[in-house]
Every structure is written in C-alpha cells, then in structure tokens.
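# Close look at the chain arrangement
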Amino acid sequence: MTNDIVIPVQKESAVTHSIYNQKNRISDSFLTFLIYLCASISIMVLVGIMGYVFVRGIPEISLEFLTTVPSTIKGTFGIVGNIVNTLYVVVITLLIATPLGVGAAIYLNEYAKGGKAVRIIEFTTETLAGIPSIIFGLFGYVFFGNTLGLGYSILTGALTLSIMVLPLITRTTQEALKTVPESYRSGALGIGATKWYMIRTILLPSAMPGIVTGIILAIGRIVGESAALLFTAGSGYLLPKDFFGKIFESGGTLTIQLYLCMQKAKYGQAFGIAVVLLVIVLAINGLAKFLSHKFNTEVKES
Amino acid sequence: MRPKSYSIFGGHGSKSGVEHAAEVIFTVCGFFAVLAVASITLYMIISGTPALFKVGILDILFGTIWMPAAATPSFGILYVILTSIIGTALAILIGVPIGVMTAVFLAEVAPERLTNIVRPAVELLAGIPSVIYGLLGILILNPLMYKIELKIFAGSTTHQFTGGANLISAVLVLALMILPTVINISESALRAVPQHLRSASLALGATKIQTIFSAVLPAAKSGIITAIVLGTGRAIGEAMAISLVSGSSVNMPLPFNSVRFLTTAIVSEMSYSAGLHKQVLFTIGLVLFAFIMLINITLNNLLKKGEESHDK
Amino acid sequence: GSKNAETQAPDTKTEAGTTSGTTANETTAKEDTATNLKGSISMVGSTSMEKFATALSEVFMEKYPSVTVQAEFVGSGAGIEAVTNGSADIGNSSRNLKDEEKAKGVAENIVAIDGIAVVSDPANTVDNLTKDQLINIYNGTTTNWKELGGADQPIVVIGREAGSGTRTAFEELLKLEDACKYSNELDSTGAVMAKAASTPGSIGYVSLDVLDDTVKTMKLESVEPTPENIKAGSYFLSRPFVMATKGEISEQSDLVKALFDYIYSDEGKDLVKAVGLIPAN
Amino acid sequence: MNTNTVKITTNHLNLYYGTNHALKDVSLNLFTNKITAFIGPSGCGKSTYLKTLNRMNDLVPSVKIEGEVLLDEENIYDPRVDTTLLRKKIGMVFQQPNPFPMSIYDNVAYGPRIHGIKNKSELDDIVERSLKGAALWDEVSDRLKKSALGLSGGQQQRLCIARALAVEPEVLLMDEPTSALDPISTLKIEDLMDELKEKYTVAIVTHNMQQATRIADNTAFFLVGEVVEYAPTTELFTAPKDKRTEDYITGRFG
Amino acid sequence: MNTNTVKITTNHLNLYYGTNHALKDVSLNLFTNKITAFIGPSGCGKSTYLKTLNRMNDLVPSVKIEGEVLLDEENIYDPRVDTTLLRKKIGMVFQQPNPFPMSIYDNVAYGPRIHGIKNKSELDDIVERSLKGAALWDEVSDRLKKSALGLSGGQQQRLCIARALAVEPEVLLMDEPTSALDPISTLKIEDLMDELKEKYTVAIVTHNMQQATRIADNTAFFLVGEVVEYAPTTELFTAPKDKRTEDYITGRFG
Ligand SMILES: Nc1ncnc2c1ncn2[C@@H]1O[C@H](COP(=O)(O)OP(=O)(O)OP(=O)(O)O)[C@@H](O)[C@H]1O
Ligand SMILES: Nc1ncnc2c1ncn2[C@@H]1O[C@H](COP(=O)(O)OP(=O)(O)OP(=O)(O)O)[C@@H](O)[C@H]1O
Ligand SMILES: [Mg+2]
Ligand SMILES: [Mg+2]
C-alpha cells in the first residue's frame, strides 16, 4: 500500500472515525441477505425447471421429430407442422398487438389529457390481464370464428391472442414512457418538433427497453398458450400448402401439440416439444432485442 | 405584419396530415382496449346471467355443493370462490416479494455477466406452457407434499388423502408462474431510474442497499405496481397448471385439501359441458370477472394512493 | 336415398360430389369415387378421440387425395354443439349423447368402443378388484389399501373432471353417479397417468390405449382389460366413441357418407383396432 | 423604446401552478432586433414567464393561464395556433441543460432534420456553424459521434444553445444561458447574442447584472410574479423608478 | 499555506474517461477550516476532480484512476475503504440540481434518515435548520410536503445544498452552488460557507472570480486537466506566477 510509508496515525479522531472502519449495518445485511435469498430461490427454481425439461426432452429430439408431421399409420411423430404454425401465430399476433399496444400506450401517456378517460382505459387494460385464457378462447371462437366467419384458423387464433397480450404490451410501454425525463420532451418540442416526430425520435427509442420487455412477455404468453388457441386456431398439424392461404387454415401450435400429447400420456414427446419451444422462444426473444437495437438511437459508448 | 404564410395559425392543415393521422391512430388504439373489454364483458354477461336466474343467485354464490352433471344438479361455488381468493392472495404474497427482490438483484446488485445469463432465462420461463408447469407439479411437487401430508394426517380417518394435490401446491406453482412477469417488468422499471438519483443518494452517505430501498425503489414505484398488477392478473387467470396440482375437487380451502379455483372450474369442464352446466360455467366466468375488477380497484387504491400525495 | 335433401344443403361443404348416390356397394365403386370425391369434412370434438380421429383423417385423405378432413379437439360438448349448429359436419363425442341433444336432431353414430382401465401406482400389491370393491373405493367407504389386502396406506382417489366422457361412462357403469368422492379431478388422461404413476396408493381410470408400465393395471373380477375380453363382454368397463351427425348418415353429403362407409368397412375396422380400440357392433 | 417594432406583446398575463399564483398581471413588450433581459430573485417567475412565450407551460398539467400573448399581433393562445410552428419561430434554451441521449452531432442536427433538411453536407454545415456559434466546436469537433451525456456541465449548456441556433428561430428565449460558463465562454455567448439581434429578437434570463448591463437593450425586473419595473437597461440600472428595484440592484434587498 | 492542517491530499492523480485524459498529474492539498476554490474554463476537469475526492467517479463505468487521494492521511482509494462512511464525511452538491422525486421535506430528511435519525421532531428540526442555512426556508416552509420537482431552478439548487448540509459532513464539495442564484441568494450562500468553514473544510467550483476572491482562502486554476497554479487566493489573483493564469483572470485568454 502506498500509504504504508506515510506518518503513523496521530489524531485520535482519525482512528475512531477512520474511513477504513467498515461498519456493519444490520438492516443492510438483512436486506442484502433477503435479496440474495430471493434471487437464489428464483435462479434455483429456474435452473431446476429448465434442467428437468431439457434432461427429459433432449433424448426425444431426432431429425424425424423435427422434420416430419405426425402419422398414425406409420406410427411416427414429428412436429415440423406445429413449429411452422407457432411461428405464424407469434408473428401475426405480434404484428397486430404491438402497434395496437404501443399506440394505446402512447395515446394514454402523450395525448390523453389525464383524468377519467385515461383511468378508465388503464383500468380496463388491467382487467383484461386477469381474464382466464379460456374465456378469450370462447370469445374469439364466437366473435372471430363464427361472427366474422374465420372458423378455426391461424388468423382467428392470432386475433384472439392479440387481445389477450394487449395489456402486457400497453402497460409496460406506458410505464417505460413515464420514465422518459420530461426535459427530453420539452427539449424536443422547444425547438419545434411536432409531437409525433418527438415521439418517434426521442420517446420510442428511450422507451425501447420497456417495450421489449412487454413484447417478450407477450411472446411467452403466445407460445405458452393452449386453452385460447384450442378453440380458435385449432389443431391442424400439416405443413402449409401456400404461404398466405395457411393463415385461414387451422393450425395447432407446439403447445397445442404438447397438450394433445399430454392427453395421450406421451410425456417424452411433450418434453421434447417443450425443449423445441424453449429454443424457439430464445430465438424470437433474441430477434426482438436485435430489432429493437436498430431502433435505438442512443449512442452506446464511454 | 409578416406575410400570411408565416402565420402561426395552423390554417389549412399546416398541422400536417401525418400529425393528425398519428393522433387519430393512437386514439383509436387507446379505445381499442376499451372496446375489447367491453365486448368480452358483454359476451360474458349475455352468456353468464341466464344461469344466475335459472339456478338462483344465492344458490350459486353461497352453495357449497358442486354437482353439475348429476341427475339433480347442484351449482354451489362458495368454496371455489374462497379458494380463488385465498389461493391468489397467497401466491401474490409469495411471488411478488421474491420477484421484486430478484429484479433488484438483477438490476442493481448482480454483476452484469450474471444478469446477462439470468435475464434471458427468466424470459424463457415465461414461455414454458402451463401444462408443463402442471406436469412438473404432479411429478415433483405433489410427491413431496404427499410425504408431508402423510406425516401430518397419519392415522386420520376423516382426512381424504390427496397425494399431495392441495392448496399449497397450487399456491407455489402460481407464485412461480407470476415470477417472469414480476421480475421482467420490475427490472426494466428499476433500470429506467436515472443514474443521477443514485449518485445523489450515494453522495449523502447512503449505502448501496439504502440507496436501493430509499431512493431507487420509490422512484420505480409506478413500474413495480404495474408489475404487481399484471402478475396478479396472471395469477388469477391461470388455470391449466393449477388444475393439475391442486386436485381440483371442490373443498374448503384448507392447506392440505384438494381444492378447485374459479378458472379451473371453467377450463376443465367447459369443453365437455352442455346446457345449464355450461351456462353456469359462464356465470363463474362472470364471478371471476367481478373478482378481477374488485382486486384491481383495491390494488389501485392501496398502491397508487401514496403516489399522488406529493405530486400536488 | 335423400329424402330430406333440403336439410343437407346448409351443412355440406362439398364443392362437387358424385351425382349418383351409390352407397350400397361402395367396395366396388371405390376406385371411381376416389377420383371424383372432392371437398372437405370438418370434425370437431373430444380430445380423447384425437388418436382415432387423426388416424382416420390421415388414412381417408390418402385414399381420397382431393378430400381434406380437418379435425379439431375441443371436447365432446363443444363438438356436439358444433354439429348441432351446423358449423361442423361431424361432432366427436366420447360419451353417449344426452336425450336433449338427440332431441335437436343429432344422430349418435357409434364408431368404436374404448375400454376403461383401472390403474394404480406400480408398487401396489393389490392387482385384482371386484366390482363392489371398486365401488366402495370410489364412494369413499374403503379408504385404505390394507382393507383390500394391500399395504397400510391411504387410497388416493383420482378421477376425471365432471362432464368428461370417460368419467360419465365410468360412473354410469358402476352406478356411481354423483356418489364419487374424488380427491383429484384431473382434466386429462395423461395427467391421471402421471398422478397414478407418481403417487403411492393412488387409483384412477384411463383409456385402454394409453396403458404402459409406469402404472399397474388392475384386473376387474379377475379379468384383464383387453380388447378381446371387452368384445366378449367379460370386462365390464367400456364406453362408446361417437361421431355425431345432424340427421342420419343417409342424409349427409356424399363425402361424409363415404367417410362412414369407410369406418364401417373392414379396412376401417382394422384401423380402429390398430389404434387400440374395439370396432363397434 | 416606443420607436421600435413590437415582436411580442403580453397583456395582463396571469399564471397559476395549481393554487400558486406564479405570474401576476404581467404586461410587457419585446422588440424586434433588441435584447430584453429578465432579472429578479430566484423563484420570482422568470422561467415561468419565458415558458409562456412559446407555450412550453402547456406541458405542465396543473397550469392555468389567463391573459393574452401576441406574436406579430397574433394571439399565441388562440386554439387555432399550431404550437409546432410557434416553437419553430420562438426557440428556447432551458435553464437546465437537457441534451438528448444521442450523439453530439445528432443533438444539433435534431432541429434541422425536423424541418426537413436531409442533405448530409448541408447538415454538417449547420452543425458546424451552430457549434461554432455556441463556442463549443473546438472542444467537441473530434468527438461529434460520441454521446452528448458525457459532456461537462458547461459543454452541455453550450450544446443546448447550439441546438437552438440550428433551427434559426425568429425569437430566441434563453434561460440563464451562461450560468455554468466561465467568463471567456460567457463573453463569446454574449458576442453571439449581439450578432443574433441583428436578425432576431432575443430574450434572456440572467442573474448577472453586469451581463444585463453589457448586452440588454431593455431590462425587466421581476418580483414574486410581478413586473416591478421595465425600462431601457441603462435607465433601469442608473435611475430606477421603483424603490424595490433600487434595493435589488444595489444588493440591499431581502 | 503550510501552517494549516491538511485535510485532503491528492498525489499525482490521473484520470481517464476511456481514452480521454481528463485529469493530468494533479497534486493538491485541501486545508481544514479553509475554503478552496477551483476555477478554469468549461470542460477543464473541475467537476471531475471534485468527484474523485468522494469517489463519485466510481460510478462511471469507463473511468480509470491513478494516483492517491488521502483524507486525514488515509488513502480513500484503498480497497478497505468504506465508501459510505467516506461520502458521509465528504458531502457533495452536484453541478446540476438532482432532487429526488419526493416531497421537499423528504428530500432534506433523506440523509438524516439514512443515518438513523427517526425521531420526528428531531427531523423537523434538522430540515428547518438546513433549509434556513440554504436560504430556502421562507420560500418553501408552507409547501414542505409538495414535490421537489415543482421548484424553480435556483430553488432546486438550494434544496440540494440543504440536503447536503443535513448530513453534517466534515468536508463539503460544492460544484457551482450559486450558478442559478440571484445575487442576494448568492450572498446568503456565501455567508453560509463562511460559517461552515469554522467547523468544516469547504471546496467549491466557481466560474465567478469575484466569488472566489470574496470567499476562498486558496484558489486552484485548472486548464485542460492540469493544475496550472495553486496559491492563496489574493496571491493568485493579484500576482499570478503563470502567464496562462494571468491571461485567464484578466479575461485575455482563448
Ligand atoms: N462521464 C463522462 N464521460 C466521458 N467524458 C466525460 C465525462 N464527464 C466529463 N467528461 C469530459 O471530461 C472533461 C472534463 O469534464 P468536467 O465535467 O470535469 O469539466 P468541468 O471543468 O466541470 O467543466 P464545466 O465548467 O463545463 O462543468 C470534459 O472534456 C468532458 O467532456
Ligand atoms: N412545475 C411547477 N409546479 C409548481 N410550481 C412551480 C413549477 N415550476 C415553478 N413553480 C413555482 O413557481 C414559482 C416561479 O418559478 P420559476 O421557475 O418561474 O422561477 P425563476 O424566476 O425562474 O427562479 P430561478 O431563478 O430560481 O430559476 C416558484 O415559486 C416555483 O416554485
Ligand atoms: Mg428559472
Ligand atoms: Mg462541471
């Protein structure tokens, strides 16, 4: 240490009040302990669940599993059709729900002049978040499937799920917008930016991490959903014949297939599907983050 | 006077079309949520009220016997309501603190490298289908619970043994399932707290922990409340997983009883039911809906009150 | 013949069908119709029938390449509702139709019989139950395996959710309607299997075709649950798989008729056996 | 004073933050090609007044405004007014530097881009000219692409001035533009203002009375929301009419 | 100068923001019961230096520090150091006011509460005393429970001073504490500093040379990261040894 050479401690006060005296604050230690405890519980549970799913699922995965559709005659099982359907449902749902959700959040935070309207909308959005998915399923079936005549189709499923994940995206975006400092807004408006320009160039980039959080949670809801999709998107497992036509056809996601496997007590296949699902979620999440980075104008350095 | 073209008055569309379009679009988006809730509400009321009158409101809400498919059906859901209230409340009491603390850990305490591993994992957790949670519950949690159950009720003749499928299992699974929502939203709220507030607190001689709890958490309050509200929504709306681990028999919500939640009641019977039974299931949906509204109002009142007091 | 031609009009999704209603001897006319039949059939209903329904549609579509058979699995009740209101051609139900459903003009076409097996955890030493013992277990009179000659451990009674086809059949056959004291009412066959396998002292009932060695299969009255025994009538737990139609089969479109013709043909019966079920009649 | 062209007129302006009456019956004229200074103790309403001139107070939820503000004889609180256009004409530098979380370059180019300038070399040009105007170019020319948040306090303040200049407004409102600056940078900014007034109308808030005497043509003295005195600068400082003004400028106040 | 007790010693301090060498071999002593002023052009490293003294720069990720800073002869960059204790001893007022989004009262009571004072009347006392010290009490005593974000720029600055006072540090670092204040408030803060130095050690950054001459015992002149000259204030301003110092204080610089 450089200060070894320096004068020995002379002032009494310097000893008693020395900045080297690491004082132990009991409440701090307790709270730190609590933080570590909770984090380790979460992380252990997390690792446990993932580990279990992977250990049981990976042996099930084979080329055939990944590249064929189920065939009872041949007695083979494969999920490629469901993988494709999952991608369809996720992409279409996000294409519908993200603009709507982000738009609603922008309206609530930037346009609505406070007061009752905002509170009502916030309240309804939060209510929407607590409705069990089967109700969405039944509603989607009745409204999109029957009334609009879309039947069991990927589109019906995606529309239904869009309503379901709307609260997640809206509320998280709204929170993110709230945290953007007021000074950014006045800075932009003060030099004559139109509101929309200000939103586009300052608010959305700043709020991007929050929006991505919402989208990622929404992706989780979409891929993990079974009840709502069973009644709306159906359970078709064949590969699409044409790209856009598939949207109007029945298509079961991986989770639907997983659910049906559960019915038949085919746990191995179920865990295999779960593993594939996790990999897909990881990929989509990564993609979502990547795309959001392109939006972000913030200079990331120094 | 300057030439007219320089006038600050908007006049003919100098508030550009884009600007107007943007405002209109956002407004439409904003009211879309209301529209969605309104139509779903309408749908539930239309489907759910007939049974209320056919069976009788009191018989449904305060009856304790659920035998929908019997020759003389009975549609009492009191225990189911109580289970939902107690179960959800407990799950929130366990899940929310763990979730928020984990978020604090990820945003404030953990080294960046650890965060970068854990965060995507938490996000993955959100994508695991609830059926899998249920299956894991049956395979891992329930046997554990059963061991405890056998110890506690050894020799009991009145207790119906459930194999570990009980209220506690359901609460634990629910608490686990809301973690991703609570952790992710809280974490991004914490990260959005401006750095200068941390500097200000540290410069006053606050420890890191004091800074987190006295300055950062209060500043992130609004986001954390949202996390709690959305997490609560997830807990109330979840059915698939808990129907597997809770036993799903209609009983008093005691820790080691097999219990049924409102959502489970709807999900597991909806697809096979017919006639009056089905209508009653919609009535349960309606009850659940009222229940959600009530919780939201309570949460809003409890949590958001403090927020407004110092904002003038 | 088509006596009620007007009723079939709204249901049919056939775009072009054979004009001649030759249904009597389809085995010979099969090759012709295969090239002529075009269109799609929609089936909606029971998840228990998923294996059978997907197998059927796969084979049928192979046979008639221009036909699409789309099966959805949302539950018996929803299936019957769909066929009642005309949004599906066929409603799959893993239980008998109720009188009120029949009253709406829905026909009950039993296409296969499914056996119900009683299972327990693999370590259970009891391997045979009489009908009365089974009834006593499920109505809560017997609560410990030692009363049945097994180990001293409580019985964990597992069943399916109210309204399930399997449960309805099980309770009807044992005359246990409204009398069961379940501690677990699980909403899928797989869940019952998993629970039974992982819980000491458990007992539950499942479809025959999902049996494997993770659970112990009980003999009832000393009879093994095998297709032969069910066919012979010596194993008493079974239930029908119904493919309900709006009106009799003869009133259906040519496509649907062809489907039923196939099911009732020898080839169809082989298919039924192949998926672990017992052909009807 | 009355030989000048009036650019902005304020008539009986009252402003309330909730129940707090922050501006009391303020009536003032700002003149074209003149610099007007606002002085007064902290919290007396100078920033608030400045913000009413380009309607930045609209953003505060609890605010209530009465009275009239005319820009070129048009009431800026008229519902038909396009605030965007208004704020393009009346630029503002805020009391607290508020750079955007972007690069230095993007901060300055933000305004011109809004108003449709896309051409790279034209933008480069504007950025350089504005940064030079704000006496910041030498310090940052080699790190234009770095984040503006890594600048020192005074550098951020000058960046915000540059950002406002880049839009070329007709009126420039500056809220203590040199509070974080050393004397040399301050002089440069004062020179800039002197140049600007050739073309524009300038209003500044300052706590530095020397600064006011150096650059302002007219000066208004605020006290608890009121304009106590408004006069040509030399007059106000040498022969104040109001006792309170005299107390304040001689430092005897409070 | 060497008759005084040294409170803080800096030996050969170098600081880098990434590749930007922001402090170059700075060696300085701060003395107990003295006010030290730092002057120099914007961006020369004054704030950076101040922040190294209570290790606030630790929070900037890309920062690299070499050299030694001793507080009462203890190295504050020693790994054993409790930064919390350090920062309780060395209080700081930042260049940009950063009130917490809480009420005015809670802002001031924040520090005392952190250090264990729970008693309501004791807290009330501290809050009142601190706000009075920062010359803010009169303006806010009737709105203590309102949000601190609704204060004017100068009020926020004084609030941050009050907040730092409430902790009663041994050393007080103030980064341009009066930049947003009118002359009268400024004088009050200067009086306060004069009082404070009876008990504490005070260091301030200022752009106002009059202020430095009025209150500082010693003054250091910074230029592009270097200490050009450090001397008793009167000496530095009347007989600067370095040509660059002379240029700067006479305004001939740059
Ligand atoms: N966080 C940071 N990251 C990178 N560079 C920084 C950072 N903070 C300051 N700098 C740079 O370091 C140099 C010194 O900055 P500092 O804030 O110490 O200046 P200052 O003397 O306080 O100036 P001012 O009077 O304008 O506040 C400047 O060039 C500045 O741009
Ligand atoms: N957003 C706000 N909400 C409530 N009160 C406010 C708000 N902004 C300012 N005030 C109050 O209005 C009064 C005038 O504030 P203003 O910011 O105009 O003062 P100022 O003259 O600019 O002072 P300074 O020189 O300190 O910046 C002050 O009492 C202040 O506390
Ligand atoms: Mg101000
Ligand atoms: Mg500085």
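Residues numbered from 1 in each chain as written. Chains lettered and ligands numbered in written order. Predicted model: local features only at pLDDT ≥ 70, side-chain atom pairs only at ≥ 80, totals over all residues. Heavy atoms only, no water.

As recorded by an unreviewed UniProt entry, chain D carries the name Phosphate ABC transporter ATP-binding protein and is attributed to Lacrimispora celerecrescens.

Per an unreviewed UniProt entry, chain B carries the name Phosphate transport system permease protein and comes from Lacrimispora celerecrescens. Taken directly from UniProt, the Sequence similarities (unreviewed entry) text for chain B runs: "Belongs to the binding-protein-dependent transport system permease family. CysTW subfamily." (UniProt positions renumbered as here; feature names shortened; annotations may be inferred.)

### What about the UniProt feature "domain: ABC transmembrane type-1" (unreviewed entry) in chain B?
Cross-referencing UniProt, the feature "domain: ABC transmembrane type-1" (unreviewed entry) maps to residues 81-299 of chain B in the present numbering. Helix and strand shares over residues 81-299 of chain B are 77% and 0% respectively, and the end C-alpha atoms of the span are 19 Å apart. (Helix = DSSP H or I, 4+ residues; strand = E, 2+ residues; numbered from the N terminus.)

### Quick look at the interface of chain A and chain B
Listed per partner, the contact involves 82 residues of chain A and 82 residues of chain B. Roughly 7200 Å² of surface becomes buried between chain A and chain B when both sides are summed, with 81% attributable to carbon and sulfur atoms. On the chain A side of the interface with chain B, the three residues burying the most area are I35, F123 and F139 of chain A, jointly 8% of the side's total. Counting across the interface, chain A meets chain B through one salt bridge. The closest approach of N and O atoms between K289 of chain A and E123 of chain B, which form a salt bridge, is 3.0 Å. For the interface between chain A and chain B, the tally reads 13 residue pairs in polar contact (both at pLDDT 80 or more). Elements supplying a minimum of two residues to the side of chain A that touches chain B: α2 (26-57), α4 (80-111), α5 (115-130), α6 (133-147), α7 (154-179), α9 (195-224), α11 (254-263) and α12 (267-295) of chain A. Residue contributions to the side of chain A that touches chain B peak at 18 residues, all from α2 of chain A. Taken together, the residues of the side of chain A that touches chain B break down into 54 nonpolar, 17 polar and eleven charged. (Contact = heavy atoms within 4.5 Å. Buried area = accessible area lost by both parts, 1.4 Å probe. Salt bridge = Lys/Arg side-chain N within 4 Å of Asp/Glu carboxyl O. Polar contact = N/O pair within 3.5 Å; in protein donor to acceptor, adjacent residues only side chain to side chain. Nonpolar A, V, L, I, M, F, W, Y, C, P; charged D, E, K, R; others polar.)

### Describing the coordination of the magnesium ion (ligand 4)
All names here are of chain E. Distances from the magnesium ion (ligand 4) to its protein donors, namely S47 (OG) and Q95 (OE1), fall within the range 1.9 to 2.1 Å. Of this pair, S47 sits in helix α1 (residues 46-53) while Q95 is found in the loop between β6 (90-93) and α3 (104-114), placing the two residues 48 residues apart along the sequence. Classification of S47 as buried rests on a relative accessible area of 18%. (Donors = N, O, S within 2.8 Å, 3.2 Å for Na, K, Ca; no water. Buried < 20%, exposed > 50% of the residue type's maximum accessible area, 1.4 Å probe, protein only.)

### Topic: the sheet that holds strand β7 (residues 171-175) of chain D
Note on sheets: strands pair through backbone hydrogen bonds, and any given pair is parallel or antiparallel. Residue and element names in this part refer to chain D. Sheet architecture is open: six strands sit in the order β6-β7-β8-β3-β9-β10, paired in mixed fashion. Each edge of the open sheet carries a strand with a single partner, namely β6 (90-93) and β10 (226-232). Across the sheet, the mean angle from the axis of one strand to that of its neighbour is 15 degrees, orientation sign disregarded. Its contacts with the sheet place helix α7 (residues 183-199) against β3 (35-39), β7 and β8 (201-205), and it is angled at close to 145 degrees to β8. (Pairing = 2+ DSSP bridges. Axes fitted to C-alpha atoms, helices over the stretch in contact; angles between N-to-C directions.)

### Topic: the UniProt feature "transmembrane region" (unreviewed entry) in chain B
Following the UniProt record, one finds the feature "transmembrane region" (unreviewed entry) at residues 24-45, 52-71, 77-110, 122-141, 161-183 and 280-299 of chain B. Across residues 52-71 of chain B, the secondary structure splits into 50% helix and 10% strand, with the terminal C-alpha atoms separated by 19 Å.

### What about the pattern of salt bridges?
Any two side chains of opposite charge can pair if their charged atoms end up close together. Enumeration according to the criterion identifies 55 salt bridges over all chains in this entry. With a closest N to O distance of 3.9 Å, E66 of chain D and K64 of chain D form a salt bridge. Among the salt bridges present, the one from E235 of chain D reaches K241 of chain D, with a minimum N-O distance of 3.3 Å. Assessed through its relative accessible area of 68%, K241 of chain D is described here as exposed. Each of the salt bridges in this network shares a partner with another, and the network as a whole consists of R260 and E269 of chain B together with R167, E171 and E185 of chain C.

### A word on unusual backbone geometry
Here the phi dihedral of A135 of chain D falls at roughly 60 degrees; this positive angle occurs in a residue that is not glycine. One can find A135 of chain D in the loop between α4 (120-133) and α5 (137-140).

### A few points about the site of ligand 1
In the region of ligand 1, 21 residues are neighbours, and S152 of chain D together with S42, G43, S47 and T48 of chain E sit closest. The environment around ligand 1 is built from residues contributed by chains D and E. S47 of chain E is positioned such that a nitrogen or oxygen atom in its side chain is 2.5 Å from an oxygen atom of ligand 1. In isolation ligand 1 exposes 630 Å². Once the protein is present, 89% of that is buried. Mapped onto the shell around ligand 1, the elements with two or more residues apiece are α6 (153-165) of chain D together with β2 (20-31) and α1 of chain E. Per-class residue counts for the shell around ligand 1 are five nonpolar, 13 polar and three charged. (Near = heavy atom within 4 Å. Areas by Shrake-Rupley, 256 points an atom, 1.4 Å probe, with all protein chains shown as cover.)

### Overview of the arrangement of the chains
Across the eight pairs of chains that are in contact, the largest number of contacts falls between chains A and B. For the non-touching pair chain C and chain D, the nearest C-alpha separation works out to 51 Å. Structurally, chain C and chain E remain out of contact, their C-alpha atoms never closer than 51 Å.

### As for a nonpolar patch on the surface
Residue and element names in this part refer to chain B. Residues L82, I85, I86, L90, L93, I94 and L172 make up a contiguous nonpolar surface patch of roughly 530 Å² in combined accessible area. When residues of the nonpolar patch are assigned to their parent elements, the largest contribution, six residues, is made by helix α3 (residues 78-109). Along the chain, I85 turns up in helix α3. For I85, a relative accessible area of 37% gives the class partly exposed. (Patch = residues over 30% accessible without salt bridge, like charges linked within 9 Å, V, L, I, M, F, W, Y side chains within 5 Å.)

### Structural notes on the environment of G234 of chain A
Tracing the backbone through its elements, the reader meets G234 of chain A in the loop between α10 (227-230) and α11. Classification of G234 of chain A by relative accessible area gives buried; the value is 0%. For the pair G234 of chain A and Y152 of chain A, spaced 82 residues apart in the sequence, the C-alpha separation amounts to 5.3 Å. With residues near it in sequence (within four places) discarded, G234 of chain A still touches Y152, L229, S250, G251, G252 and I256 of chain A together with E72 of chain C.

### Here's the deal with the site of ligand 2
Taken together, 22 residues lie around ligand 2, and S42, G43, S47 and T48 of chain D together with S152 of chain E are the ones closest in. Two or more chains meet at ligand 2, and those chains are chains B, D and E. Q95 of chain D is positioned such that a nitrogen or oxygen atom in its side chain is 2.9 Å from an oxygen atom of ligand 2. Measuring from a nitrogen atom of ligand 2, one finds a backbone N or O atom of G150 of chain E at 3.1 Å. Counting only elements with at least two residues in the shell around ligand 2, the list comes to β2 (20-31) and α1 (46-53) of chain D together with α6 (153-165) of chain E. Looking at the shell around ligand 2 residue by residue, the classes come out as five nonpolar, 13 polar and four charged.

### What about the sheet that holds strand β5 (residues 74-75) of chain E?
Residue and element names in this part refer to chain E. The sheet built from four strands is open, its strands ordered β2-β1-β4-β5 with antiparallel pairing. This sheet does not close on itself; its edge strands, each paired only once, are β2 and β5. Relative to strand β4 (residues 63-71), strand β1 (residues 6-17) runs antiparallel, the two being bridged by eight bridges. Residue pairing in the sheet places Y16 in a bridge with K64 of β4. Against the sheet, α1 makes contact with β1, β2 and β4, and its axis sits at roughly 120 degrees relative to β1, the strand it touches most.

### Focus on the packing of aromatic side chains
All names here are of chain C. According to the stated counting rule, one finds 33 aromatic pairs over all chains in the structure shown. Between F60 and Y262, the ring centres sit 6.3 Å apart and the planes meet at 65 degrees, which makes this aromatic pair edge-to-face. Placement of F60 in helix α3 (residues 50-63) and of Y262 in helix α10 (residues 254-264) is noted, with a sequence separation of 202 residues between them. Pairing Y138 with Y205 gives two aromatic rings, centres 5.8 Å apart and planes at 45 degrees, and the pair type is tilted. (Phe/Tyr/Trp six-rings, centres within 6.5 Å; stacked < 30°, edge-to-face > 60°.)

### Some points on the UniProt feature "domain: ABC transporter" (unreviewed entry) in chain D
The UniProt record annotates "domain: ABC transporter" (unreviewed entry) at residues 8-249 of chain D. Helix and strand shares over residues 8-249 of chain D are 39% and 27% respectively, and the end C-alpha atoms of the span are 26 Å apart.

### A closer look at a negative patch on the surface
A contiguous patch of negative charge on the surface is contributed by D191, D194, E195 and E198 of chain D. By secondary structure assignment, the location of D194 of chain D is in helix α7. (Lys, Arg positive; Asp, Glu negative; His and termini not counted. Charge placed at Lys NZ, Arg CZ, Asp CG, Glu CD.)

### Considerations on the environment of E108 of chain B
Residues and elements named next belong to chain B. Among the structural elements, E108 can be located in helix α3. The class of E108 is buried, set by a relative accessible area of 12%. Along the sequence, E108 and K208 sit 100 residues apart, while their C-alpha atoms lie 8.8 Å from each other. One polar contact links E108 to R198, side chain to side chain, over a distance of 2.8 Å.

### As for the packing of helix α8 (residues 182-190) of chain A against α9 of chain A
All names here are of chain A. For the pair α8 and α9, the least separation of the axes is 10 Å and the interaxial angle reads 145 degrees. In this structure, α8 meets α9 at a crossing whose hand is right-handed. Every residue of α9 that contacts α8 at Y184, R185, A188 and L189 is listed here: K195, M198, I202, L203 and S206. (Left-handed = near helix turned anticlockwise from the far one by under 90°.)

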